[in-house]
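One letter stands for each residue in the lines below.
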Amino acid sequence: MKRDCSSGSQKRSAFGAGRIVLASLASHGFPSGYQDSRVKRFLSKNGLVILGFTFILSLIALLAVGLTQNKNTPENFKFGIVFDAGSSHTTMYIYKWSAEKVNDTGLVYEIEACKVKGPGISAFASNVQDIPVYLSKCMGRAKELIPKYKHHQTPVYLGATAGMRLLRMENEQSAKRILASVTSFLNSYPFNFRDARIISGSEEGAYGWITINYLLGKLQKKQNSEDPSSRKNESQETYGALDLGGASTQITFVPKDTNISSPIKFMQFRLYGWNYTVYTYSFLCYGQDQALLLKLAKDTVETPSGTLLDPCFHPGYERMVDISDLFNNVCTREYKDLFPFDKLRIQGTGDFLQCQERLHNLFPTTYCRYTSCTFNGVFMPPVHGEFGAFSAYYYTMKFLNLTSDKVTSEDMVIEKMKQYCSRPWKEVNTTYADVKEKYLSEYCFSGTYVLTLLQVYNFTDYWKHIHFMHKINDNAEAGWTLGYMLNLTNMIPAELPQPKPFSRPTYISLMVAFSLVLAIVFILGSIIFHKSSYFQK
Ligand SMILES: Nc1ccn([C@@H]2O[C@H](COP(=O)(O)OP(=O)(O)O)[C@@H](O)[C@H]2O)c(=O)n1
Ligand SMILES: [Ca+2]
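Predicted, not measured: the structure shown is a model, and the values here were computed from it.

Let us now look at the overall build of the protein. Along the protein, the regular secondary structure elements total 16 helices and 16 strands. The buried share of the protein, taken over its 537 residues, is 46%. Accessible surface for the protein amounts to roughly 27500 Å². Of this, 56% is attributable to carbon and sulfur atoms.

Take helix α8 (residues 288–302) next. Look at α8: 21 Å from first C-alpha to last across 15 residues, which is about the 21 Å you get at 1.5 Å a residue. Counting buried positions along α8 yields eleven of 15 residues, so the element is predominantly enclosed. Q288, Q290, A291, L292, L294, K295, L296, A297, K298, D299 and T300 are the residues of α8 that are buried.

Turning to the sheet that holds strand β11 (residues 318–322), a few remarks are in order. The three strands are arranged β10-β12-β11 in an open sheet whose pairing can be described as mixed. Edge strands, defined here as strands with exactly one partner in the open sheet, are β10 (307–310) and β11. Strand-to-strand, the axes of this sheet are offset by a mean angle of 25°, without reference to chain direction. When β10 meets strand β12 (residues 343–348), the two strands line up parallel, connected through four bridges. Paired with T307 across the strands is R345, a residue of β12.

Attention now goes to the site of ligand 1. The environment of ligand 1 is formed by 16 residues, the closest being S87, S88, T161, G246 and A247. The contact in question runs from an oxygen atom of ligand 1 to an N or O atom on the backbone of A162, over 3.4 Å. In isolation ligand 1 has 550 Å² of accessible area, and contact with the protein removes 88% of it.

Between helix α5 (residues 162–170) and helix α6 (residues 172–187), the least distance of the axes is 5 Å, while the angle of their chain directions is 135°. Taken together, the axes of α5 and α6 lie oblique to each other. Contacts between α5 and α6 involve M164, L167, R168 and E170 from the former and E172, S174, A175, I178 and L179 from the latter. Its residues assigned to classes, the contact of α5 with α6 comprises five nonpolar, one polar and three charged.

On to the sheet that holds strand β3 (residues 109–115). With respect to topology, five strands assemble into an open sheet ordered β3-β2-β1-β4-β5, the strand pairing being mixed. The open sheet is flanked by β3 and β5 (192–198), the only strands paired with a single partner. Neighbour-to-neighbour, the strand axes of the sheet open up by a mean angle of 15°, direction not taken into account. The sheet contact formed by strand β1 (residues 77–85) and strand β4 (residues 155–160) spans five bridges and is parallel. Among the inter-strand pairings, D84 is bridged to a residue of β4, identified as G159. Across the face of the sheet, helix α4 (residues 131–145) comes into contact with β1, β2 (90–98) and β3 while running at roughly 15° to β2.

So, on to the UniProt feature "binding site: ATP" (unreviewed entry) in the protein. Cross-referencing UniProt, the feature "binding site: ATP" (unreviewed entry) maps to G246, A247, S248, T249 and Q250 in the present numbering. Considering the arrangement of structural elements, one finds A247 in the loop between β6 (240–244) and β7 (248–253). For A247, a relative accessible area of 2% translates into the label buried. Among residues more than four places away in sequence, those in contact with A247 are S87, A162, G163, L166, F283, L284, C285, Y286, G287 and Q290. Topologically, Q250 is positioned in strand β7. Residue contacts for Q250: discarding those within four places in its chain leaves G201, E204, G205, A241, L242, D243, Y281 and S282.

All right, on to α4 then. Its 15 residues place the ends of α4 22 Å apart at the C-alpha level, agreeing with the 21 Å of an ideal helix rising 1.5 Å per residue. Taken as a whole, α4 carries its principal kink of about 35° at K137. Those residues of α4 lying buried are I131, Y134, L135, C138, M139 and A142. Where α4 is buried, its residues contact β1, β2, β3 and α6.

Conventions used here
- Every residue gets a number counted from 1 within its own chain, in the order that chain's sequence is written.
- Chain letters start at A and ligand numbers start at 1, both assigned in the order the entries are written.
- Whole-chain, interface and lining totals are the exception, using all residues; otherwise, since this is a predicted model, local features are given only for residues with pLDDT of at least 70 and side-chain atom pairs are given and counted only at 80 or more.
- Computation of side-chain values: all heavy atoms of the structure, hydrogens and water removed.
- Runs of H or I in DSSP of at least four residues are treated as helices and runs of E of at least two as strands, each being numbered from the N terminus.
- Only protein chains enter the area calculation, which uses a 1.4 Å probe; residues under 20% of their type maximum are buried, those over 50% are exposed, and those in between are partly exposed.
- Note on areas: Shrake-Rupley with a 1.4 Å probe; residue coverage comes only from the protein chains shown.
- The span one expects for a helix is its residue count, reduced by one, times 1.5 Å.
- By this definition, two strands are paired if DSSP reports at least two bridges between them.
- Only the stretch in contact is used when a helix axis is fitted, and all axes are lines through C-alpha atoms; the angle between N-to-C directions ranges over 0 to 180 degrees.
- Working definition: residue near molecule or strand if any one of its non-hydrogen atoms lies within 4 Å of it.
- Each polar contact in these results corresponds to two N or O atoms within 3.5 Å; when the atoms are within protein, one needs to be able to donate a hydrogen and the other to accept it, and residues that are neighboring in sequence are counted only if both atoms are side-chain atoms.
- Throughout this description, any angle smaller than 35 degrees is read as roughly parallel, any larger than 145 degrees as roughly antiparallel, any in the 65 to 115 degree range as roughly perpendicular, and the remainder as oblique.
- Between two residues, a contact is recorded if the distance between any of their heavy atoms is within 4.5 Å.
- All residues other than Ala, Val, Leu, Ile, Met, Phe, Trp, Tyr, Cys, Pro, Asp, Glu, Lys and Arg, Gly among them, are scored as polar; the first ten of these are nonpolar and the last four charged.
- UniProt positions are given in the numbering used here, feature names are shortened, and annotations may be inferred rather than shown by experiment.
- Note that the bend at a residue is defined as the angle between axes fitted to the seven residues ending at it and the seven residues starting at it.

Following this line, the structure appears as structure tokens:
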């Protein structure tokens, strides 16, 4: 009984409200000892239930907060449009990326590569009025693919390359008129039109280099390498870029020795907290289409005859070329002469070795005022590191089945080319009936050209370091456009963003764990506190 009384007084002191309950029970005429023990049992049982209930509720609340915080909110996508106005054709690329993950690697996707029907924009010099029709189909596609409410914030750029560079050299006013017409047309759309301009050869090379290294994850991967000083030479990590167009070709890479004195200023980039010293050079007139004209012009001058027996075309292939077209060109006009014929008949003989010999004549390598040169006396440090070869390098080698990593030596390519060039045109034409004749007729020439150019660059014993590439990791095509947009939209920061101390899930888990500890400490504290106040009584 005494024990009962004591425990009754403990309950009373523990739950002040219990006293009221107790008083009301007593007033109902129960014996006081009996009432006390009932109330105590009631209180101890319900107190625990209330505590447990509160605990579970808090836990659920915490988990709910954590989950709500972590749940996949709809992503905020951004879009960008870049027109690649090349010498042979124009392509419109639409890129899409998540605004939240802007600093992550490989986040930009090419969602469209709209090929503009027709020639390159430089062909519109005398008919600028046709430019709106020319570009409207792809712009319509952009309007379809990009949600309407995003139009006003979607930047549009147009970059013109070597075809327009050549036109500007020939007739600056014509080039300006074309760009003005493009500008006024693109401005008439609800997008955020920024710029239509001719990009320089170094920009073209550098942006191509940025594109492939960005897509290959070579730029941000270094986030994990703690100490910059412990890092190996950049060239071991980044890929060099080889771009072959119709009117120019670019080579860009981080040389092994960046301290060598160079007549050409190396480009300096700071990307994600790392410095890069990059060599880039663009050879105007050495894109594959201009190189063919150059070869034909040289051949015509060297053996002036109305018929040219050409080893770079298949046996049985014939083509007529206007002499005026051949020499009315910035790249070939130095060979211009008077000929007793106004048309040139090309007759293919399909001889790879002879073709290669003639192509080597396009690359004078005898004079060099520097430590090392490519051709035409242009300084170039020795090639170094892995290389990604894209655009026409890829198209040509893909067609010839030479893009596989199993093709490890130049000899393998030479063997294939010998055999391919000797195939009669009739047979080639029927075998590949679905390939455009313009392309098909020139693969012997362009395959030989690719090989010769790479030999001139000194890749002969370095073939396995060349990787022919088109779409990288299924994200986007290799080319200058993505690098151009990344740069103009400031999507590649100079400095590495400061990482948060904890990842989000770690943060939530820690919060939950600490809350649990707090709850337990609180409960235990209350119990201890009440026990001690009981003992004091
Ligand atoms: N499917 C394709 C597309 C383009 N090409 C060639 O790739 C080259 C692309 O050059 P481009 O128009 O970008 O010219 P540039 O302004 O870059 O010199 C042209 O020589 C085209 O004929 C090809 O061989 N196969
Ligand atoms: Ca190009």
